[in-house]
Amino acid sequence: MTIEIIQLGESNMDILNQYDEDIFDEKIDAGRLAAMLKEENNILLAAVHEGVVIGQVLAVIHRHPDKPTELYIDDLGVSEKFQRRGVATRLLEQMYIIGVERGCEEVWVATEPDNEPAIKFYDSLNLIARKVIVFEGNLSSNA
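Residues numbered from 1 in each chain as written. Predicted model: local features only at pLDDT ≥ 70, side-chain atom pairs only at ≥ 80, totals over all residues. Heavy atoms only, no water.

## Examining the packing of aromatic side chains
Next up, step 1: Counted by the stated rule, this structure contains three aromatic pairs.
Next up, step 2: Between the aromatic rings of Tyr-19 and Phe-24, the centroid separation amounts to 5.4 Å while the plane-to-plane angle is 85°, which identifies the pairing as edge-to-face. (Phe/Tyr/Trp six-rings, centres within 6.5 Å; stacked < 30°, edge-to-face > 60°.)

This is how it looks when you write it as structure tokens:
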């Protein structure tokens, strides 16, 4: 099975014209995709098999004035048909390489407490789990 890992940018974002719908939470919006790819601290990798994107990982580089630069793994998804075949690991390995090249010293990722497959996967990577409380809200309702 041949799977190519490709870093997406404005010039090749059309790769996402064919993707397995279970790798993203919602349908891709072309305008949002283009805006996201313009930001230099956003990195999107795609795992492509026979012309179809079957996996993706999105990361954001967080630069701070007082602590190490972090690679935040914002989203990771692999088609159900291709799970447990090393696709997610390959995506993260490539993302780590890019992160180090761009000055990142640390990595972090979050998942829901009931997402057992994700918890087991991240645990297998020897990442350290810690409990946090997340607050979120809609910016338009806070104005």
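## Overview of unusual backbone geometry
Next up, step 1: Backbone geometry places Glu-50, a non-glycine residue, at a positive phi of 50°.
Next up, step 2: By the secondary structure assignment, Glu-50 is in the loop between β2 (42-49) and β3 (52-62).
Next up, step 3: Even without being a glycine, Arg-84 presents a positive backbone phi close to 65°.
Next up, step 4: Along the polypeptide, Arg-84 turns up in the loop between β4 (70-78) and α2 (87-101). (Helix = DSSP H or I, 4+ residues; strand = E, 2+ residues; numbered from the N terminus.)

## Here's the deal with the sheet that holds strand β1 (residues 4-7)
Next up, step 1: The strand order β1-β2-β3-β4-β5 describes an open sheet built from five strands, whose pairing is mixed. Of all the strands in the sheet, just β1 and β5 (106-109) have a single pairing partner and so form its edges. Sheet twist, expressed as the average angle between the axes of neighbouring strands with direction ignored, equals 25°.
Next up, step 2: Pairing between β1 and β2: four bridges, direction antiparallel. (Pairing = 2+ DSSP bridges. Axes fitted to C-alpha atoms, helices over the stretch in contact; angles between N-to-C directions.)

Shape is all these values report; function is a separate question.
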